[in-house]
Amino acid sequence: LPSPKQISIPVKEYFKMIKYYITALGVNNNEIYLKKQFLCELLPENQIESRRYELELPLDELVEKPSKIENELYRFRNVNMPNHSTGAIGVEMSTNRPEIKPDREIKSDLKDEKQKNIALETKSGVDIDTSKLVTNNELEKYAERLGIKEYTENKDLWKKFYDVFGPDFVWPSTAKAGERREVFDYITYPQWEPTGEERARNTVEYRRLLESKTLDASKGSHILIINGKLVSYGNKISQEDNEKLKKKYPGCFYAPVVERTVLIRRFSAKEDQTRNEWQVCIVYNLIDDNKSHICIRNELNPEDEVKIASTEQNYRMIIDTGSTVTIIPSFVREQLCDPNDGWDNFSFCPEGYGGTAKIVQASREWLICLGDGTNWSNWVRTREVYSWQNNPPDVDCGLIGYDVLNNIPHYKPYITYYRIWQ
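Scoring rules and cut-offs
- Residues numbered from 1 in each chain as written.
- Predicted model: local features only at pLDDT ≥ 70, side-chain atom pairs only at ≥ 80, totals over all residues.
- Heavy atoms only, no water.
- Pairing = 2+ DSSP bridges.
- Helix = DSSP H or I, 4+ residues; strand = E, 2+ residues; numbered from the N terminus.
- Axes fitted to C-alpha atoms, helices over the stretch in contact; angles between N-to-C directions.
- Core = buried A, V, L, I, M, F, W, Y, C linked by side-chain atoms within 4.5 Å.
- Buried < 20%, exposed > 50% of the residue type's maximum accessible area, 1.4 Å probe, protein only.
- Contact = heavy atoms within 4.5 Å.
- Parallel < 35°, antiparallel > 145°, perpendicular 65-115°, else oblique.
- Nonpolar A, V, L, I, M, F, W, Y, C, P; charged D, E, K, R; others polar.
- Left-handed = near helix turned anticlockwise from the far one by under 90°.
- Polar contact = N/O pair within 3.5 Å; in protein donor to acceptor, adjacent residues only side chain to side chain.

(A) Spatial organisation of the sheet that holds strand β16 (residues 366-371). A sheet is described by the order of its strands in space; here four strands give the open sequence β9-β8-β16-β17, paired in antiparallel fashion. Because the sheet does not close on itself, it has two edges, and the strands there are β9 (301-309) and β17 (380-382). Each adjacent strand pair in this sheet contributes to an overall mean axis angle of 25°, direction not counted. One ladder, built from six bridges, connects strand β8 (residues 293-298) with β16; its direction is antiparallel. Note on β16: the bridge partner recorded for His293 is Gly371.

Below you can see the structure in the form of structure tokens.
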């Protein structure tokens, strides 16, 4: 299901199409997704105005900005039409003013225009790839065979996956549940556009290369994969060079020859009988966990920060003194100005908790602090922060590891002592 483009339709009509598109995809229909999709395919002249206010305005006001400018331009062009009888501009209004059509006729015109565009594309001589033609029955069998039917019943999303990998695709045998879901999400989630399909191909190709045991560590400690193809070997690169590589090849993977992993250990100090585990919440002066928060901030942009309570969207953020790293849920990362900026393209599986899921590490340092929503600790600067993938299997916790805790002073409640005089 291709994303709508504004092309020649009014801004508000284009926005309606975006809302229908998000609903059809079956993804989380919130302001973050809508705003991102709305800005993606706006006309360039409308994008300039909208992106100036992207961070300041709520979505409805952001839609109104280019719409007002569009209406003013329309009025200006029609009021200042040349008068062919005098050759003057703006002296006399044209007697042939454009007719204002009712809304139903505008929608009809848009539908006709869309059909004309489809007809023109058909006549343009573009070859149709018959290998991508598939019946609904074949598509459903395909989804069942690969297990992607477990993720969604939306046939349009199955078809997007089918179009990328084709009818004969088979999962690599060592691909874990989280990796399979990650590949599917790369293709079907709008947030990964325009690099999602390449990320999906690169993930599958890297897994196949690891399975084949053909990677030669003598040629380099890392490999560069672009568009599902092994391009070259290399050695470990600096953070700055990694950022340059991502800018040059936005969807590429620069991955280690030996598969990477991170050990996650979990033990803590409060028994939870229902979950059969020991845990502590994020606490601040021993305040109850419903009032505890974590905040992550972009070091390069102080306005780019996200706060999360200890229990939000079915995730619990817990302090884990046995955890070697700090891991945030994917929805926190998605609320940042750009969920891909400052994070590696390449993801990997941890050991221990969430071992079947995938995590991605920050590609540069971020700032983290803990608090109760009003009082906050000092900022801790760290690159040892990770994000869970979208929809991680068997995961419902984010972790605050000792890498962060070791740098935050412990706060204790103030105790007043009284002496009784006799």
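(B) Local environment of the nonpolar core. Residues Ile296, Ile327, Trp343, Trp388 and Ile400 are the most contacted members of the largest nonpolar core, which totals 47 residues. Among the elements that make up this core, the one with the highest residue count is strand β11 (residues 315-319) (four residues). Discounting residues that sit within four places of it in the chain, Ile296 has contacts with Asp304, Glu305, Val306, Ile328, Val332, Trp343, Trp366, Leu367, Ile368 and Val385. Listed in part, the 21 residues of the second largest apolar core include Leu157, Trp171, Phe184 and Tyr189.

(C) Spotlight on the pairing of strand β15 (residues 359-362). Pairing geometry for strand β13 (residues 343-348) and β15, over three bridges, is antiparallel. Looking across to β15, one finds that Ser347 is bridged to Val360. Pairing analysis gives three bridges linking β15 to strand β18 (residues 385-388), with the strands arranged antiparallel. Across the sheet, Gln361 pairs through a bridge with Tyr386, a residue of β18.

(D) Quick peek at the environment of Glu198. Inspection of the secondary structure puts Glu198 in helix α9 (residues 196-212). C-alpha separation for the pair Glu198 and Ile226, spaced 28 residues apart in sequence, amounts to 7.5 Å.

(E) Up close: the packing of helix α7 (residues 155-165) against helix α8 (residues 177-188). Contact pair α7 / α8: the axes reach a minimum separation of 9 Å and the direction vectors enclose 100°. With respect to α8, the element α7 is oriented roughly perpendicular. Together, Leu157, Lys160, Phe161, Val164 and Phe165 of α7 and Val183, Phe184, Ile187 and Thr188 of α8 make up the contact between the two elements. Classifying every residue of the contact of α7 with α8 gives seven nonpolar, one polar and one charged.

(F) The packing of α8 against α9, seen in detail. One can describe the packing of α8 onto α9 by two numbers: an axis separation of 7 Å at closest approach and a directional angle of 155°. Between α8 and α9, the angle is such that the two are roughly antiparallel. With respect to the hand of their crossing, α8 and α9 are arranged in left-handed fashion. Counted together, Glu179, Glu182, Val183, Tyr186 and Ile187 of α8 and Gly196, Glu197, Arg199, Ala200, Thr203, Val204 and Arg207 of α9 form the full contact between these two elements. Its residues assigned to classes, the contact of α8 with α9 shows five nonpolar, two polar and five charged.

(G) How the structure looks around the environment of Glu205. Tracing the backbone through its elements, the reader meets Glu205 in helix α9. A sequence separation of 21 residues divides Glu205 from Ile226, and the C-alpha atoms of the two residues are 9.8 Å apart. When neighbours within four sequence positions are excluded, Glu205 is seen to be in contact with Ile225, Gly228 and Lys229.

(H) Molecular detail of α7. Every buried residue belonging to α7 is among Leu157, Trp158, Lys160, Phe161, Tyr162, Val164 and Phe165, and all of these are buried. A side-chain oxygen of the first residue of α7 lies 2.8 Å from the backbone nitrogen of Asp156; this N-cap is Asn154. Gly166 sits one or two positions beyond α7 and adopts a positive phi of about 85°.

(I) Examining the side chain of Gln361 more closely. Topologically, Gln361 is positioned in strand β15. Note on Gln361: relative accessible area 4%, which makes it buried. Here the side chain of Gln361 touches Arg383 through a polar contact of 3.4 Å, landing on its backbone oxygen. Ignoring any residue separated from it by four or fewer positions in sequence, one finds Gln361 in contact with Arg260, Trp343, Asp344, Arg383, Glu384, Val385 and Tyr386.

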